[in-house]
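Descriptive analysis of the structure
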Amino acid sequence: MGEVGEVGGLRLGDLPGLANTVADLVGGAITIEDPQSRVLAYSRLEHEPDPMRRLTILGQEVPRWRVHELRESGFFRTLWNTDDVVRLPADGRYAERLVIAVRDGSEVLGSLWAAADGRPLAEGAAEALRTAARAAVPHLSHHRTWGRAAARAREEAVHALLEHRTYAEDSAYAARAAREAGLVPGRPYAVMVAEVHPSAVMGANPFTVVSAEMYGGRAARAVPASSSLPASSSLPASSSLPASSSLPGLSSAHGPPSVPAPSPVSPVSPVPVSGSASEQRVLDVLALRATAYRPGCVTARTGRRLHVLVPAAGGETDPARGLLSAARSVSRCVVFTGVGPVAADLSGLPASREAAELVVRVLRERAARGPATGDGPGTAARSGTGPWAVSAAAAYDEVVPEAALLRVLDRVGPLWETLSGPVHAMTEHDRAHGSAYGATVAAYLDAFGDTGVAARRLNVHANTLRYRLRRAHELFGLDLDDPTVRLLADIGLRLARRTR
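Here is a short report on the structure shown in this document. As the structure is a computational prediction, the values presented were derived from the model and not from experiment. (Residues numbered from 1 in each chain as written. Predicted model: local features only at pLDDT ≥ 70, side-chain atom pairs only at ≥ 80, totals over all residues. Heavy atoms only, no water.)

Section: the packing of helix α13 (residues 422-433) against helix α14 (residues 437-446)
Put simply, α13 and α14 touch, their axes get as near as 8 Å, and they point 130 degrees apart. Considering their axes alone, α13 and α14 lie oblique with respect to each other. Side by side, α13 and α14 meet where Met426, His429 and Asp430 of the first sit next to Tyr437, Gly438, Ala439 and Val441 of the second. Its residues assigned to classes, the contact of α13 with α14 shows four nonpolar, two polar and one charged. (Axes fitted to C-alpha atoms, helices over the stretch in contact; angles between N-to-C directions. Helix = DSSP H or I, 4+ residues; strand = E, 2+ residues; numbered from the N terminus. Parallel < 35°, antiparallel > 145°, perpendicular 65-115°, else oblique. Contact = heavy atoms within 4.5 Å. Nonpolar A, V, L, I, M, F, W, Y, C, P; charged D, E, K, R; others polar.)

Brief notes about the packing of aromatic side chains
Where two aromatic rings form a pair, the distance of their centres and the angle of their planes describe that pair. The final tally for this structure, using the stated rule, is four aromatic pairs. Considering the side-chain rings of Phe76 and Trp80, the 6.3 Å spacing of their centres and the 15 degrees angle between planes classify their relative orientation as stacked. Separated by four residues within a single helix, Phe76 and Trp80 lie in helix α5 (residues 75-80), roughly one turn from each other. Assessed through its relative accessible area of 3%, Phe76 is described here as buried. Note on Trp80: relative accessible area 8%, which makes it buried. Ring pairs connect the aromatic residues Phe75, Phe76, Trp80 and Trp113, which therefore count as one cluster. (Phe/Tyr/Trp six-rings, centres within 6.5 Å; stacked < 30°, edge-to-face > 60°. Buried < 20%, exposed > 50% of the residue type's maximum accessible area, 1.4 Å probe, protein only.)

Topic: empty space enclosed by the protein
The tally for this structure, following the rule as stated, stands at two cavities of 30 Å³ or more. The computed volume of the largest cavity comes to approximately 140 Å³. Lining the largest cavity are 14 residues, with Glu33, Met52, Thr56, Arg97 and Trp113 positioned closest to its centre. Listed by contribution, the elements that provide at least two residues to the lining of the largest cavity are β1 (28-33), α3 (51-59), α4 (64-72) and β5 (107-116). Of the residues assigned to the lining of the largest cavity, the class counts are eight nonpolar, two polar and four charged. (1 Å grid on protein atoms, 1.4 Å probe; cavity = no way out; pocket = protein on both sides within 12 Å on 5 of 7 lines; lining within 4 Å. Points joined across faces, edges and corners; volume = space filled by probe spheres on them.)

Some thoughts on the nonpolar core
Residues Val158, Leu161, Leu183, Leu309 and Leu349 are the most contacted members of the largest nonpolar core, which totals 32 residues. A total of eight residues in this core trace back to one element, the largest contributor, which is helix α11 (residues 349-368). Ignoring anything within four residues of it in the chain, the contact list for Leu349 reads Leu161, Leu162, Tyr167, Leu183, Tyr189, Val191, Leu309 and Ala343. (Core = buried A, V, L, I, M, F, W, Y, C linked by side-chain atoms within 4.5 Å.)

Concerning the pairing of β5
Burial analysis of β5 places eight of its ten residues in the buried class, which makes it a mostly covered element. Note: strand β4 (residues 97-104) against β5, eight bridges, orientation antiparallel. Along β5, the bridge assignment pairs Val99 with Trp113. The antiparallel hairpin formed by β4 and β5 contains two residues in its connecting segment, where Gly105 sits at a positive phi of about 70 degrees. (Pairing = 2+ DSSP bridges.)

Description of the packing of α14 against helix α15 (residues 451-458)
At their nearest, the axes of α14 and α15 sit 8 Å apart, and the two run at 130 degrees to each other. If you check the angle between α14 and α15, you find them oblique. The hand of the α14/α15 crossing is right-handed. Mapping the contact onto sequence places Ala439, Thr440, Ala443, Tyr444 and Asp446 in α14 and Thr451, Ala454, Arg457 and Leu458 in α15. Considered class by class, the residues forming the contact of α14 with α15 number five nonpolar, two polar and two charged. (Left-handed = near helix turned anticlockwise from the far one by under 90°.)

Considerations on unusual backbone geometry
Unusually for a residue other than glycine, Ser37 sits at a positive phi of about 65 degrees. Tracing the backbone shows Ser37 in the loop between β1 and β2 (39-42).

Points about the pattern of salt bridges
Where side chains of opposite charge bring their charged atoms close, a pairing between them can arise. Taken as a whole, this structure holds 22 salt bridges when the rule is applied. With a closest N to O distance of 2.8 Å, Glu195 and Arg305 form a salt bridge. Here Glu195, found in strand β6 (residues 189-198), pairs with Arg305, found in strand β10 (residues 305-311); they are 110 residues apart in sequence, far enough to count as distant. Owing to a relative accessible area of 1%, Arg305 belongs among the buried residues under this scheme. For the salt bridge of Glu195 with Arg364, the shortest nitrogen-to-oxygen distance reads 2.7 Å. One end of the pair, Glu195, is in strand β6; the other, Arg364, is in helix α11, and 169 residues separate them in sequence. For Glu195, a relative accessible area of 0% corresponds to the buried category. Salt bridges here are not isolated pairs; linked through shared partners, they connect Glu195, Arg305, Arg353, Glu357 and Arg364. (Salt bridge = Lys/Arg side-chain N within 4 Å of Asp/Glu carboxyl O.)

No statement about biological role is implied by the geometric values presented.
Dropping the structure here:
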């Protein structure tokens, strides 16, 4: 292979074809990877792959432990700082590999990996790989550009299908969006929403971050369902995966310094803004699990949230149950996950999405009311400054009363702000002076008037609690013997907790 043109006859962006052609010339198995060690394409399998090649293809990326090994050995530092072929000798576990970075000027587009495929690599394999790296530049550039454009189009289609106005304004556009997103019209789907928080955030009141969410006016990202490979040992002869930009936000400690970082997300709605790199990696994990969960799953991001459209079989009422379990098991961050009812057709997706988001709000409010006890389902994540926070997940039918209350408070909130009275005076005093009259009254109401239970929840003596209640009556005229006042106090204090 002496000329770039020998692989230049391929259709632009045909990475499987490029992998197969280079494999023939090098005399080994080829994997094309992006700068984060995710698989973009691999050559046909003529021999049983060695264990590392099998793990890499099935997992769509080099296993994290192997990445760590290569990073610690200095391999990636060498690879990203040379234009030449880097050799990984056989070590008793895996076959010999030759690797070269693919560059467009100073920008690294990816890498080509050649592995001995049941026979020694061809003589001159290193030179063939150097030429292939030059020939691969337009293909990887096209693939990346196309992948970004396709991901943007797909994400916009998914988000459009989750908004009511899409169906009210243009049914033809809804049909086009469904095709773009890869959804099947007439097939039932349920919407799952996962929201990621750093564990330390949960030590404070999360309603300083989010109040009643609106879906419109967001900056979003998407992961197409087609990005998954079958989780079995039966591999296709060759394959290509979407460009790396279809899994945004995934940072890599071994990535080249010239690879640009993803742009920050700046949503204008009250939806939580994009989180840290670690939170985005959690969303990457959830997105990959979702796309591998069952055929036809489609995902899209909105800030710290991942929306998943899960297809339901005929008569199935809880198609996302397995995904809820996966969301609970995520470590390092707190994840609140909700699933809406199954929508009979695509026009029901916005209602399912709204219900799923309500579930997330319910779970977030539960976490805000106090430390998790650790006896519920989920994975505890220790906050650096606050209590234990626990990832939680639920379906809409499991939280109907609390979800209904949130809807009521959403409607009552604007009216409440125009009113005045003892509860308003008490909450304003707490805000101005840092007092705890509102928390005391809330605990008393939650305990149905049992001062002993309320005092234990506040970690104060029962006499202290009684004194505070008496002072609330003296200072603000709050008569908790009056049922109407109790109702107003409950409403007002719930609203105050959401907005402080």
